[in-house]
Amino acid sequence: MVIGATGQIGRAAVKALAGDGWDVTAASRGGGRDDGWPAEVRTAALDRDDDTALATVVGDGCDALVDIVAYGAGHARQLTALAGRVGSAVVISSVSVYEDDKGRGFDTQAEPDGFPSYPVPIPESQETVPPGDSTYCTRKVALERELLAAGDRLPTTLLRAGAVHGPYDRTPRELYFVKRNLDGRRRRILAFGGASRFHPVSVHTLAELIRLAAARPGSRVLNACDPEAPTVAEIARAIDAVMGARTEDVLVDGPPPSPTVGDTPWSVPRPVICDMSAAERELGHRPVIRYADTLPETIASIERQLAGRDWREAYPAMFRNYGDLFDYAAEDAWLAS
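Cut-offs and rules
- Residues numbered from 1 in each chain as written.
- Predicted model: local features only at pLDDT ≥ 70, side-chain atom pairs only at ≥ 80, totals over all residues.
- Heavy atoms only, no water.
- Pairing = 2+ DSSP bridges.
- Helix = DSSP H or I, 4+ residues; strand = E, 2+ residues; numbered from the N terminus.
- Contact = heavy atoms within 4.5 Å.
- Axes fitted to C-alpha atoms, helices over the stretch in contact; angles between N-to-C directions.
- Buried < 20%, exposed > 50% of the residue type's maximum accessible area, 1.4 Å probe, protein only.
- Polar contact = N/O pair within 3.5 Å; in protein donor to acceptor, adjacent residues only side chain to side chain.
- Salt bridge = Lys/Arg side-chain N within 4 Å of Asp/Glu carboxyl O.
- Expected span 1.5 Å × (residues − 1).
- Phe/Tyr/Trp six-rings, centres within 6.5 Å; stacked < 30°, edge-to-face > 60°.
- Left-handed = near helix turned anticlockwise from the far one by under 90°.
- Nonpolar A, V, L, I, M, F, W, Y, C, P; charged D, E, K, R; others polar.

Below, the discussion takes up the sheet that holds strand β5 (residues 86-94). In space, the 7 strands of this open sheet follow the order β3-β2-β1-β4-β5-β6-β10, with parallel pairing throughout. The outermost strands of the open sheet, each flanked by one partner alone, are β3 (42-45) and β10 (220-224). In this sheet, β3 lies alongside strand β2 (residues 25-28) in parallel orientation, the contact comprising 4 bridges. Pairing of Ala26 across the sheet is with Thr43, part of β3. Lying on the sheet, helix α6 (residues 203-215) is in contact with β4 (62-67), β5, β6 (156-161) and β10; it crosses β5 at an angle near 150°.

Okay, structure coming up:
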């Protein structure tokens, strides 16, 4: 059973599991299906926050439950309550749970020198922020702690995902460069010298890790990232190559010169790069795709979503999370100065 099956990650996960021979029930709020799934995939409508509905869909039980949308201790307790009917679980977490040796995490990045300084690469043994209900990061840690504590009753693999990319994304970071190319912007400003590295993960990589973990139950935490972590400048050039665009990078040493100039969705003052050796060791994971290989389908998905629409209407969550990513007047003023 896959919860959150029609979302960005769920679509790829259902396809991978069905292709591996599993009998899959794809559960989502609308109960829909993806055109790429085999006809044998069953669908079910599910409100993730309704305990009774979840128990009903699980029914007599399943060998493996994949939860793409679990968030917080409450969802963890929902899953552990089903331990007698679920053989094992695979649950998506996030690399945002990590904190550095000074107690800095993603929640502190807005403070002066608040961005964490992680080891390169980050192992799963790195400390995490305290669990809680106040932020995305603390709630993901609460989810992890509850599930790991119940590992004897419900073996759970927690996959700490990096910056997810691929089609059907409601907050595609690639939008930052795709829209600029569509708008004919031929100069782009990149903070931190364009050298920022925020480890991405393709939906195809996540689907492969889910497939492997479902077949090898265990109670563990694993990083879930692509085989490479390109710089933001390398990402921009890869997008240019797919779109046939010729663009000049204007590199800024240090932070963005203003809030809407040079601050991309990948821009970080220190690298966030994860160690993938545990997944290789415990699951036999091997890289399945490179970042650049996924760009044609990602860009095509963004172009379809943008067609004839204001970007804030097409991607409202992107606007809420990042603010005005396309303040061209401010960029031109800064370039002119």
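Structurally, Ser196 can be placed in the loop between β8 (187-190) and β9 (200-202). The exposure class of Ser196 is buried, given its relative accessible area of 3%. At 2.8 Å, the side chain of Ser196 forms a polar contact with the backbone oxygen of Val268. Among residues more than four places away in sequence, those in contact with Ser196 are Ala191, Pro230, Thr231, Val232, Trp266, Ser267 and Val268.

Two side chains carrying opposite charge are able to pair once their charged atoms lie near each other. For the structure on display, the rule yields 23 salt bridges. Arg237 is the partner of Asp249 in a salt bridge, and the nearest nitrogen-oxygen pair spans 3.7 Å. Taken together, the residues Asp249 in strand β11 (residues 248-251) and Arg237 in helix α7 (residues 232-243) connect sequence positions 12 residues apart. Here Asp249 falls in the partly exposed class, since its relative accessible area comes to 21%.

This next bit is on helix α3 (residues 73-80). The periodicity of an α-helix, 3.6 residues per turn, causes residues three or four positions apart to be oriented the same way. Among the 8 residues of α3, 6 are classified as buried, and the element is accordingly described as predominantly covered. Residues of α3 that are buried: Ala73, His75, Ala76, Gln78, Leu79 and Thr80.

The end-to-end C-alpha distance of helix α4 (residues 136-149), which contains 14 residues, comes to 20 Å, matching closely the 20 Å that a straight helix rising 1.5 Å per residue would cover. Taken as a whole, α4 has its buried residues at Cys137, Thr138, Lys140, Val141, Ala142, Leu143, Glu144 and Leu147. The elements touched by buried residues of α4 are α3, β5 and β6.

Counting across every chain of the model gives 10 aromatic pairs. Ring geometry for Tyr176 and Phe177: centres 5.1 Å apart, planes at 90°, overall edge-to-face. Judged by relative accessible area, Phe177 falls into the buried class, the value being 1%. An angle of 85° between the planes, with centres 5.6 Å apart, marks the rings of Trp311 and Phe319 as edge-to-face. A network of ring pairs unites the aromatic residues Tyr176, Phe177, Trp266, Trp311, Phe319, Phe326 and Tyr328 as a single cluster.

On to the environment of Ala83. Residue position: Ala83 is located in the loop between α3 and β5. Placed 68 residues apart in sequence, Ala83 and Gly151 show a C-alpha to C-alpha distance of 9.7 Å. The contact partners of Ala83, leaving out residues within four places of it in the chain, are Arg153 and Leu154.

Running from N to C, helix α5 (residues 175-182) and helix α9 (residues 291-306) point in directions that differ by 65°, and their axes come no closer than 10 Å. In this structure, α5 meets α9 at a crossing whose hand is right-handed. The residues of α9 that touch α5, namely those facing Leu175, Val178, Lys179 and Leu182, are Ile299, Ile302, Glu303 and Leu306. Here the contact of α5 with α9 is composed, by residue class, of 6 nonpolar, no polar and 2 charged.

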